[in-house]
Amino acid sequence: MRTKIEDVSVIEIPRVHDERGLLAVIEGDIIPFEIKRVYYLYDVPSDAFRGGHAHKKLHQLIIPLSGSFDVHIKDGENKKTINSNKPHKGLLIVPGIWREIDNFSSGCVCLVLASSEYDESDYIRDYDDFLVFKKHQV
Ligand code: TYD
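Residues numbered from 1 in each chain as written. Predicted model: local features only at pLDDT ≥ 70, side-chain atom pairs only at ≥ 80, totals over all residues. Heavy atoms only, no water.

Student: What am I meant to see in the site of the ligand here?
Tutor: In the vicinity of the ligand, the contacting residues are Arg-37, Tyr-39, Leu-41, Arg-50, Gly-51, His-53, Tyr-118, Tyr-123 and Arg-125. One of the side-chain N or O atoms of His-53 is found 2.7 Å from an oxygen atom in the ligand. Between the ligand and the protein, one listed contact pairs an oxygen atom with a side-chain N or O atom of Tyr-123 at 2.5 Å. Starting from 530 Å² of accessible surface for the ligand in isolation, the protein chains cover 62%. Within the residue set of the shell around the ligand, elements represented by two or more residues are strand E4 (37–41) and strand E5 (50–55). In terms of residue class, the shell around the ligand is built from four nonpolar, two polar and three charged. (Near = heavy atom within 4 Å. Polar contact = N/O pair within 3.5 Å; in protein donor to acceptor, adjacent residues only side chain to side chain. Areas by Shrake-Rupley, 256 points an atom, 1.4 Å probe, with all protein chains shown as cover. Helix = DSSP H or I, 4+ residues; strand = E, 2+ residues; numbered from the N terminus. Nonpolar A, V, L, I, M, F, W, Y, C, P; charged D, E, K, R; others polar.)

Student: Got a minute to help me understand the side chain of His-53 in this structure?
Tutor: Within the secondary structure layout, His-53 lies in strand E5. If we ignore the near neighbours within four places in the chain, the residues touching His-53 are Ile-97, Trp-98, Arg-99, Tyr-123, Ile-124 and Arg-125. (Contact = heavy atoms within 4.5 Å.)

Student: Quick question: what am I supposed to make of the sheet that holds strand E12 (residues 123–124) here?
Tutor: Hydrogen bonds between backbone groups are what pair the strands of a sheet, and the pairing can be parallel or antiparallel. Across the sheet, which stays open at both edges, the five strands sit in the order E8-E7-E10-E5-E12 with antiparallel pairing between neighbours. Of all the strands in the sheet, the pair left with one neighbour each is strand E8 (79–84) and E12. The pairing of strand E7 (residues 69–74) with strand E10 (residues 98–102) spans five bridges and is classified as antiparallel. By the bridge assignment, Val-71 is partnered in E10 with Ile-101. (Pairing = 2+ DSSP bridges.)

Student: I'm lost on the sheet that holds strand E11 (residues 109–114) in this one. Help?
Tutor: Taking strand neighbours across the sheet as the criterion, the five strands line up as E1-E9-E6-E11-E4 in an open arrangement whose pairing is antiparallel. In this open sheet, the two edge strands, each paired with only one partner strand, are strand E1 (9–12) and E4. Direction aside, neighbouring strands of the sheet carry axes that sit 25° apart on average. (Axes fitted to C-alpha atoms, helices over the stretch in contact; angles between N-to-C directions.)

Student: I tried to follow the pattern of salt bridges on my own but got confused; where do I start?
Tutor: Under the criterion given, the structure shown has three salt bridges. Its salt-bridge partner being Arg-20, residue Asp-18 comes within 2.7 Å of it at the nearest N-O pair. Across the pair Arg-125 and Glu-120 runs a salt bridge, and its minimum N-O distance is 2.7 Å. Taking relative accessible area as the criterion, Arg-125 reaches 46% and is therefore assigned partly exposed. (Salt bridge = Lys/Arg side-chain N within 4 Å of Asp/Glu carboxyl O. Buried < 20%, exposed > 50% of the residue type's maximum accessible area, 1.4 Å probe, protein only.)

Student: Where do I start with unusual backbone geometry in this structure?
Tutor: When glycine is set aside, most residues are seen to have a negative phi, and most peptide bonds are trans. Although it is not a glycine, Asp-43 sits at a positive phi angle of roughly 50°. Tracing the sequence through the fold places Asp-43 in the loop between E4 and E5. With a phi angle near 60°, Asn-103 is a residue other than glycine that sits in the positive phi range. Looking at the element boundaries, Asn-103 is found in the loop between E10 and E11. Owing to a relative accessible area of 46%, Asn-103 belongs among the partly exposed residues under this scheme.

By themselves, these observations are geometric and do not establish any function.
Encoded structure:
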């Protein structure tokens with residue numbers, strides 16, 4: 001399937017709320033993939049630019065555990081910017097989507113849940129290569 005920016009969705013993470021605060025839980029079929037890797041970005045300078053690539057097969061859920069950032073997504077035809085700023089809302093990025101992340105707030109922590117272990121060969125780091133990939137994406 002040739003993925004489009006409309007395939008990128010926001011997943012609401014269920015929360016338990018009482019006077020002691022909020023507890024957000026990721027379990028069961030909240031996420032449509034098996035989590036094989038968890039990583040997080042922190043101490044990110046506000047002028048940093050992250051991402052700048054797409055993945056061939058990897059699915060990711062990106063959660064602003066603390067603070068906020070902008071995620072710019074492209075599918076080769078259309079583009080969109082999502083401001084991620086709620087720790088109970090994750091951005092589900094499917095394969096074949098170019099993403100750039102910037103405008104990190106001070107003290108921001110960005111959690112990423114991923115569907116496979118780190119594999120550099122799954123990355124497309126050149127935008128022209130990405131456009132070629134999109135032409136043939138099945
Ligand atoms: P990269 O995915 O390009 O970061 P971002 O998309 O946040 O800008 O990864 C940056 C570096 O970290 C790159 O050299 C690969 C390495 N890396 C790992 O070793 N393991 C991982 O799980 C990830 C995500 C990156």
